[in-house]
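Okay, here's what each chain looks like letter by letter:
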Amino acid sequence: MIALILIPVYLTINYIVLNRTLKYLGAWHDVFKKRKTKVIIGSVYVVFMFSPLLGFMIKSEPWHVFFKVMGNYWLGIFEVSIVSLLIYGILWICLRFTFWRGKPYDIRRLKYGGTAVVLAVMMLCSYGFAHSGTIKINKYDIDVNKKLVLEDKPEKKSTLKIALVADTHIGYSIGEKQIQKMVDKINSQNPDLVIIAGDIFDNEYRAVRNPEKIKKIFRSIKSRYGVYAVWGNHDIPEALLSGFTLRGKEPYKEEPEFKKFLEESNVKLLEDKSLLVKGKFYLFGRKDYSMTEKLGEKRKEVSEFTEEFDRSKPIIMVDHQPRELEKASESGVDVALSGHTHNGQIFPGNLTVKIPWENPYGILKKGNMTSAVTSGVGIWGPKMRIGSDAEIMMLNVNFKK
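Since the structure is predicted, the reported quantities are computational estimates derived from the model, not experimental observations. The residue numbers shown here count from 1 along each chain, following its written sequence. Owing to the predicted nature of the model, reporting of local features is limited to residues with pLDDT of at least 70; listing and counting of side-chain atom pairs is limited to 80 or more, with chain, interface and lining totals taken over all residues. To obtain the side-chain values, all non-hydrogen atoms of the structure were included, while hydrogens and water were left out.

Chemist: Let's hear about the environment of Lys213: which residues, and what values?
Modeler: Each helix is a run of DSSP H or I of at least 4 residues and each strand a run of E of at least 2, with the numbering of both proceeding from the N terminus. Looking at the secondary structure, you find Lys213 in helix H7 (residues 211–219). Taking the relative accessible area as the measure of exposure, Lys213 reaches 34% and is therefore partly exposed. Between the alpha carbons of Lys213 and Gly175 there is a distance of 9.7 Å; along the sequence they are 38 residues apart. Only protein chains enter the area calculation, which uses a 1.4 Å probe; residues under 20% of their type maximum are buried, those over 50% are exposed, and those in between are partly exposed.

The following block contains the structure:
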């Protein structure tokens with residue numbers, strides 16, 4: 001329903017952008033004012049504008065992949081262009097009522113103002129494309145007022161090193177290159193525990209290029225207590241058009257290839273499951289909130305896990321979406337690990353993401369519990385990051401009592 005409402009908005013905005021582009025080009029040379037030139041430019045623009053739809057409708061290779069990738073790039077460029085034009089428009093209005101008040105219109109303002117917008121879009125997009133492939137290691141300290149004695153750390157204060165990653169979105173935009181970077185950086189930190197907090201895939205298993213190679217890369221992760229994962233809202237086959245779900249008559253079903261992929265990658269799936277790791281601390285993973293809704297399932301409440309636990313031992317929860325933090329804290333969880341938000345991924349998303357989420361990114365203390373939300377390793381949709389980083393969150397969880 002939302003998609004149907006946004007279609008005329010999307011078409012209208014694209015018409016405005018195309019019209020402004022033609023006016024800008026026409027200000028520089030008369031050749032851009034000719035009908036033939038306008039038709040050529042308009043036709044190319046329309047192909048880009050409908051590339052997400054073409055990628056959705058065309059299923060045959062290689063055109064499916066071609067338009068899927070083109071659509072992802074286009075959506076990023078389109079978003080940056082809209083934001084740049086809005087900022088330019090606001091500045092234009094401010095100048096019209098201040099320095100340019102009462103002065104006649106000068107075509108040079110269109111030429112040079114338009115050029116400024118074009119250069120801004122080019123520089124921001126180039127930065128965003130390049131920055132999306134750069135993975136940072138961000139370190140945080142978390143204190144838990146419980147005792148934990150590790151085999152080679154018998155001192156009163158012990159530290160559990162957790163590498164938290166999420167939102168790899170392996171598919172059309174993220175492949176073995178980014179995963180190899182991630183694993184190399186994880187191994188460089190010598191973690192005790194590696195957690196993958198959901199959205200491992202990007203809805204389609206067919207989008208995973210060279211899966212055997214990627215499995216081998218995952219198997220090379222070095223961790224004292226192993227690698228664990230939960231599903232995210234994108235770890236299910238789903239027809240998406242520009243991020244919106246288009247439901248068919250077929251009911252949602254889990255993708256067996258996703259689960260097989262994890263098994264062959266030595267990644268243990270915690271799907272509403274818990275375990276006592278080496279008799280030292282509890283680790284449990286929840287089914288994803290959105291995924292269970294689509295499948296018509298219910299997920300266990302946090303209290304259903306923790307009521308069976310020895311509360312004197314540390315309790316670590318993994319939940320893809322940073323929901324129900326109050327419940328988790330009241331139920332005795334010490335550390336809650338999540339992803340999902342991408343920290344907005346592209347400006348101004350890193351600002352607006354703060355509206356729906358209590359902890360959109362980083363570390364938040366909630367009672368005796370600490371919530372850690374990572375911005376993720378991969379990207380969703382546009383292969384671009386502006387105002388956010390692809391990251392591995394290294395958590396030094398310090399236990400003392």
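From this point, the narrative continues.
Chemist: Got a sec to walk through the sheet that holds strand E2 (residues 158–165)? Specific residues and values, please.
Modeler: Paired strands are those between which DSSP finds at least two bridges. Reading across from one edge, E1-E14-E2-E3-E4-E7 is the order of the six strands in this open sheet, with mixed pairing throughout. Pairing within the sheet leaves two strands with one partner each, and these edge strands are strand E1 (135–144) and strand E7 (268–269).

Chemist: So what about the side chain of Lys146? Which residues, and what values?
Modeler: Relative to the elements of secondary structure, Lys146 occurs in the loop between E1 and E2. A distance of 3.0 Å separates a polar atom in the side chain of Lys146 from the backbone oxygen of Lys313. A 3.5 Å cut-off defines polar contacts: any pair of N or O atoms within that distance qualifies, except that in protein one atom must be a possible hydrogen donor and the other a possible acceptor, and neighbouring residues in sequence count only when both atoms are side-chain atoms.

Chemist: I'd like a description of the packing of helix H2 (residues 35–49) against helix H4 (residues 63–96), backed by residues and values.
Modeler: Comment: axis = line fitted to C-alpha atoms, over the contacting stretch for helices; angle = value between 0 and 180 degrees taken between N-to-C directions. Two elements in contact, H2 and H4, have axes separated by 9 Å at closest approach and are oriented at 105°. In terms of orientation, H2 lies roughly perpendicular with respect to H4. On H4, the residues that touch Tyr45, Val47, Phe48 and Met49 of H2 are Phe67, Met70, Trp74 and Phe78. Three classes are used: nonpolar for Ala, Val, Leu, Ile, Met, Phe, Trp, Tyr, Cys and Pro, charged for Asp, Glu, Lys and Arg, and polar for all others, with Gly counted as polar. When the residues that make up the contact of H2 with H4 are grouped by side-chain class, the tally is eight nonpolar, no polar and no charged. Reported orientations rely on four angle classes, namely roughly parallel under 35 degrees, roughly antiparallel over 145, roughly perpendicular from 65 to 115, and oblique for the rest. Only heavy atoms enter the contact rule, under which two residues are in contact if any of them lie within 4.5 Å.

Chemist: Break down helix H5 (residues 107–131) for me, citing the residues and quoting the values.
Modeler: Here H5 is 25 residues long and its end C-alpha atoms lie 36 Å apart, about the 36 Å a rise of 1.5 Å per residue gives. All buried positions along H5 are accounted for by Arg109, Lys111, Gly113, Gly114, Val117, Val121, Cys125, Gly128 and His131. Expected helix span is taken as 1.5 Å per residue step, with the number of steps being one fewer than the number of residues.

Chemist: Kindly report on the pattern of salt bridges, identifying the contributing residues and their values.
Modeler: Just to be clear on terms, a salt bridge is a Lys or Arg side-chain nitrogen sitting within 4 Å of an Asp or Glu carboxyl oxygen. Inspection of every chain in the model, using the stated rule, returns 19 salt bridges. Between Arg299 and Asp319 there is a salt bridge whose closest N-O contact spans 3.0 Å. On the criterion of sequence distance, the pair formed by Arg299 in the loop between helix H9 (289–295) and helix H10 (302–306) and Asp319 in the loop between strand E10 (315–318) and helix H11 (325–330) is long-range, its members being 20 residues apart. Between Arg299 and Glu324 there is a salt bridge, with the nearest N and O atoms lying 3.7 Å from each other. With a gap of 25 residues between them, Arg299 in the loop between H9 and H10 and Glu324 in the loop between E10 and H11 connect regions that are remote in the sequence. Its relative accessible area of 29% is what places Glu324 among the partly exposed residues. Residues joined by salt bridges that share partners form a network here, namely Arg286, Arg299, Asp319 and Glu324.

Chemist: An account of the side chain of Thr37 is requested, with residue identities and associated values reported.
Modeler: Tracing the backbone shows Thr37 in helix H2. Residue Thr37 is classed as buried on the basis of its relative accessible area, which comes to 17%. When sequence neighbours within four positions are dropped, the list of residues in contact with Thr37 reads Val31 and Phe32.

Chemist: Tell me about empty space enclosed by the protein, and please be specific about residues and values.
Modeler: A cavity, in this analysis, means grid points on a 1 Å lattice covering only the protein atoms where a 1.4 Å probe fits yet has no way out; a pocket is instead an open set bounded by protein on both sides within 12 Å along at least five of seven lines, and a residue lines either one if it has an atom within 4 Å of a point. Grid points are joined across faces, edges and corners, and a volume is the space filled by probe spheres set on the points. Tallied over the entire structure, the rule returns one cavity of 30 Å³ or more. The volume enclosed by the largest cavity comes to roughly 40 Å³. In this structure, the largest cavity is lined by Trp231, Glu271, Lys287, Asp288, Met291, Thr292, Leu295 and Glu297. Of the residues that constitute the lining of the largest cavity, the class distribution is three nonpolar, one polar and four charged.

Chemist: Account for the sheet that holds strand E13 (residues 369–373), with residues named and values stated.
Modeler: Across a sheet, paired strands are connected by hydrogen bonds in the backbone, their directions being either parallel or antiparallel. Spatial ordering of the open sheet is given by E8-E9-E10-E11-E13-E12, a layout of six strands whose pairing is mixed. The open sheet has two edge strands, strand E8 (273–277) and strand E12 (362–366), and neither has a second partner. This sheet shows a mean twist of 20° between the axes of neighbouring strands, independent of strand direction. Summarising the sheet, E10 and strand E11 (residues 335–338) pair through three bridges and their orientation is parallel.

Chemist: Describe the layout of surface pockets, listing the residues and the values that go with them.
Modeler: Empty space within the second largest pocket amounts to approximately 900 Å³. In terms of lining, the second largest pocket is formed by 28 residues, of which the most central are Val17, Thr21, Leu85, Val117 and Val118. The set of elements that each furnish at least two residues to the lining of the second largest pocket consists of helix H1 (2–28), H2, H4 and H5. Considering each element in turn, the lining of the second largest pocket owes the most residues, nine residues, to H5.

Chemist: Could you give me a rundown of unusual backbone geometry, with the residues and numbers involved?
Modeler: The linkage connecting Glu61 with the following residue, Pro62, adopts the cis geometry, with an omega of 5°. Mapping Pro62 onto the fold places it in the loop between helix H3 (51–57) and H4. The omega angle of the peptide bond from Phe347 to Pro348 is 5°, so this bond is cis rather than trans. By the secondary structure assignment, Pro348 is in the loop between E11 and helix H12 (349–352). Even without glycine at this site, His340 takes up a positive phi of about 80°. Even without being a glycine, Asn343 presents a positive backbone phi close to 50°. Within the secondary structure, Asn343 sits in the loop between E11 and H12. On the accessibility criterion, Asn343 (13% relative accessible area) is buried.

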